[in-house]
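Analysis of the macromolecular model
So the chains spell out like this:
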Amino acid sequence: MSVSAVAADRSVCAPLPVLGRDVRVPLVTGGEVDYAALDYAASAPALQRVWDDVAAYAPYYGSVHRGAGYLSQLSTDLFENSRRTIEEFLGCGAEDQVIFTRSTTDSLNLLAAVLPQDTRVFVFETEHHASLLPWEQRTDVAVTYLNAPRTPQQAVDTLEKALAEREPYGPALVCVTGASNVTGELWPVRELAAAAHAHGARIVLDAAQLVPHHPVDLAELDVDWVAFSGHKLYAPFGAGVLAGRADWLQDAAPYLAGGGASRKVSRRTDGGVDVEWHTTAARHEAGSPNVIGAYAIASACRALSEAGFEGLIAREQALITRVREGLAEVPEVNVLSLFGEDAARVGVLSFVVEGWNSSHFAAALSAEYGIGVRDGLFCAHPLVRTLLGSEPQEPGECGAPDSAPGERSLNAIRVSFGAGTPDEHVERFLRAVKELVTDGARWNYRTEGGRCVPAV
C-alpha cells in the first residue's frame, strides 16, 4: 500500500496527535521548517492524549500509599489503577505481577538481580545492550551468547541446540527482543518461547521496540516476562515496566532496600534490625514511586487500545513500504537486514550510503532539511558490526566514530517512525536522501565532540 492510498483505506488510522508536531526548527541554509521527528526508536514523542491526562492530574499529585489526605488517597488509587490498566493491556494472568521501573534497562537489571543462583542465561548477540549486558553483573550466573541468526528458523534452531547441550541442567533464562532496534525485524517470539519451555527454561521478552507497534499479550506469546519503557510508548515520563511471573521476584531479595518495599522493621536485642519484606510488586518498588510516569504509561496503553492496533499497524506498514520503496530507488543506499527483504518488521530501518560517513549524512539531514534521525551503533554494537562487516566507511570523514587499532570505523543511519508520524515527514526524508546522494551537502561540516556539526 502506498502512502497516497492510506487516506482512502478506512481500516487505516490517521496519525495520532503527538506533542512537537508543530515545532519549527532553523535550517543552516536559511528559514525554518516543521521538525520531522524520525527517531521514534530512541524516544517517541508524547501522545497529546497522554500529555492531557498528565496535565489534568498534576494539580492533584500526592504521595501514594499510607497517606491519609485526599490527594494521597486519589494518587494511590490512580497509581494502582494504572497497574491494572497495564495488566489488562499485556494480558497478565491472576498470578502475574506488574512492577514499575525506570526503563527497559532497569526492568532487565531487576530481573537479572532476582535470578536464582547458578541460572544459565541464553541471549543472542543481536540484542540491545539493555538486554545483552545485565546478566554479566551476576558472578553466580553463566551467560551463553548466541551468534546472530540469518533467518527466524535459524534463531529457533540455534536456541534449541544451545538449550539441549546445557550442563548442568538447572534454572535457565532466555532473553530475546520482540523487534530489533536496528533493523525493525520481528523475531519469532512464540517459537522461541516454545523452545525455551520445552527445555525447562523461562523466557523474557524485551518489548521496547515491539509494544509501541503491536499488541503484546503474555499468554498469547507464551513468555514469562515482558519488559518495556514508557518513553518508547509515547509516555516519556521516566517509567518502565517489568511484568510476568511472580515466583522468582518473590523469592529474591528486594531490588532496592528502603521504604515501600518493607512491611515491618523492628530492632533486635543484638542491635540489628529484622525486616519483613512485601511479597507483592511493592517488594521491588522501594522509594516514592513515579506516579506520573506510571499514569502516563497507562494512558498510552488506553490510547493505543482505543485507536485500534489493526488500523495503526496497517498505516505503519504503508509507511514502511513507502520508505523501503523510496530508498530502493537510490542505488547508493544499502538497507541493513538480518532476515532478508521479506522479513516482517516495525517502523525501524537502518542503512548506509555509499560514499558517506553516516554521521555526516545524518547531520546534513538535520541541518539542511530539519529531519531528526539517529546515527551510530544504536546500543547494539555486536549486531551493527555484524551487519556492517563488509560495508566501506570513510574513517577520516566528519563525525566518523573512533575505532580500535586495526578496526575500521563503523556506523549507520536509523530512521524510525510510528503512530504519530505524518506522511509529509516520510516524503521529505526520501526527497532529502535523494538530493544529498545526487547533489551532495550544501553546507560544510566539522567534527566537534565526536559529532558531525555544521561549520560556522
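**A short note on the packing of helix 10 (residues 309-328) against helix 13 (residues 423-439)**
Remark: helix 10 packs on helix 13, axes separated minimally by 10 Å, with the N-to-C direction vectors making an angle of 10°. Taken together, helix 10 and helix 13 sit at an angle that is classed as roughly parallel. Mapping the contact onto sequence places Arg315, Leu319, Arg322, Val323, Gly326 and Leu327 in helix 10 and Asp423, Val426, Glu427, Phe429, Leu430, Val433 and Lys434 in helix 13. Taken together, the residues of the contact of helix 10 with helix 13 sort by class into seven nonpolar, one polar and five charged.

**Observations concerning empty space enclosed by the protein**
A full pass over the atoms with the stated rule returns three cavities of 30 Å³ or more. In this structure, the largest cavity encloses a volume near 60 Å³. Around the largest cavity, the lining residues are Tyr40, Ala41, Ala44, Gln209, Pro212, His213, Lys232, Tyr234, Gly347, Val348, Ser416 and Phe417. Taken together, the residues of the lining of the largest cavity break down into seven nonpolar, four polar and one charged.

**So, the nonpolar core**
Proteins that are soluble and globular tend to have nonpolar side chains buried together. Counting 86 residues, the largest nonpolar core has Ile86 and Leu90 as its most contacted members. Broken down by element, the residue count for this core peaks at ten residues, all from helix 9 (residues 291-307). If sequence neighbours within four positions are ignored, isoleucine 86 has contacts with Val98, Phe100, Phe228, Val241, Ala294, Ile297, Ala298 and Cys301. Grouped together as the second largest cluster of nonpolar side chains are 34 residues, Cys398, Val426, Ala432 and Leu436 included.

**Re the sheet that holds strand 10 (residues 240-244)**
Read from one edge of the open sheet, seven strands run 4-10-9-8-7-5-6, paired in mixed fashion. Where the open sheet ends on each side, the last strands, each with one partner, are strand 4 (97-101) and strand 6 (142-146). Across the sheet, the axes of successive neighbouring strands diverge by a mean angle of 20°, strand direction being ignored. In terms of strand pairing, strand 9 (residues 225-229) meets strand 10 through five bridges, oriented antiparallel. Note on strand 10: the bridge partner recorded for valine 226 is alanine 243. Where helix 3 (residues 104-114) meets the sheet, its contacts fall on strand 4, strand 7 (172-177), strand 8 (202-206), strand 9 and strand 10, and the angle it forms with strand 9 comes to roughly 150°.

**Examining the pairing of strand 4**
Taking burial as the measure, the five residues of strand 4 include five buried ones, the bulk of the element. On strand 4, burial covers both faces: Gln97, Ile99 and Thr101 on one face and Val98 and Phe100 on the other are all buried. Relative to strand 10, strand 4 runs antiparallel, the two sharing five bridges. The residue of strand 10 that forms the bridge with glutamine 97 is glycine 244.

**Things to note about the side chain of serine 416**
The topology assignment puts serine 416 in strand 17 (residues 412-416). A distance of 2.8 Å separates a polar atom in the side chain of serine 416 from the backbone nitrogen of alanine 41. The residues contacting serine 416, other than those within four sequence positions of it, are Ala37, Leu38, Asp39, Tyr40, Ala41, Gly347 and Val348.

**A few points about the confidence of the model for the protein**
Chain-level pLDDT for the protein is 93 on average; 93% of the residues reach the 70-or-more range. Every residue in residues 1-8 is under pLDDT 50, and counting partners more than four places away or in other chains gives 14 contacts.

**Quick notes on the packing of helix 2 (residues 70-90) against helix 9**
Look at helix 2 against helix 9: their axes get within 9 Å of each other, and the N-to-C directions meet at 40°. The angle between helix 2 and helix 9 falls in the class oblique. The element helix 2 and its partner helix 9 pack so that their crossing is left-handed. Between helix 2, through Ser75, Leu78, Phe79, Ser82, Thr85, Ile86 and Phe89, and helix 9, the contact on the second element is made entirely by Val291, Ala294, Tyr295, Ile297, Ala298, Cys301, Arg302 and Ser305.

So, how was this worked out
All residue numbers here refer to positions counted from 1 along the written sequence of the relevant chain. Two thresholds apply to this predicted model, a pLDDT of at least 70 for residue-level local features and 80 or more for giving and counting side-chain atom pairs, whereas whole-chain, interface and lining totals are computed over all residues. Only hydrogens and water are removed before side-chain values are computed, so all heavy atoms of the structure are retained for them. With axes taken as lines fitted to C-alpha atoms, and helix axes fitted only over the stretch in contact, angles between N-to-C directions fall between 0 and 180 degrees. Secondary structure follows DSSP: runs of H or I at least 4 residues long count as helices, runs of E at least 2 residues long count as strands, and numbering of each begins at the N terminus. Angular relationships are summarised with four words: roughly parallel below 35 degrees, roughly antiparallel beyond 145, roughly perpendicular across 65 to 115, and oblique for the angles in between. By definition, residues are in contact when any of their heavy atoms lie within 4.5 Å. For this classification, the nonpolar set comprises Ala, Val, Leu, Ile, Met, Phe, Trp, Tyr, Cys and Pro, the charged set comprises Asp, Glu, Lys and Arg, and every other residue, Gly included, is treated as polar. Of the two site types, the cavity is a set of points on a 1 Å grid over the protein atoms alone where a 1.4 Å probe fits but cannot get out, and the pocket is an open set with protein on both sides within 12 Å along at least five of seven lines, each lined by residues with an atom within 4 Å of a point. Grid points are joined across faces, edges and corners, and a volume is the space filled by probe spheres set on the points. To qualify as a nonpolar core, a set must consist of buried Ala, Val, Leu, Ile, Met, Phe, Trp, Tyr and Cys residues joined through side-chain atoms within 4.5 Å. Remark: exposure states derive from per-residue accessible area (1.4 Å probe, protein chains only) relative to the maximum for the residue type, with buried under 20%, exposed over 50%, and partly exposed in between. Two strands are said to pair when DSSP picks up at least two bridges between them. Identification of polar contacts relies on pairs of N or O atoms within 3.5 Å, with a donor-acceptor requirement for protein atoms, meaning one able to donate a hydrogen and the other able to accept it, and with residues adjacent in sequence counted only if both atoms are side-chain atoms. The predictor attaches a confidence to each residue, called pLDDT, with possible values from 0 through 100. Crossing handedness is read from the near helix: turned anticlockwise from the far helix by less than a right angle, it gives a left-handed crossing, and turned clockwise, a right-handed one.

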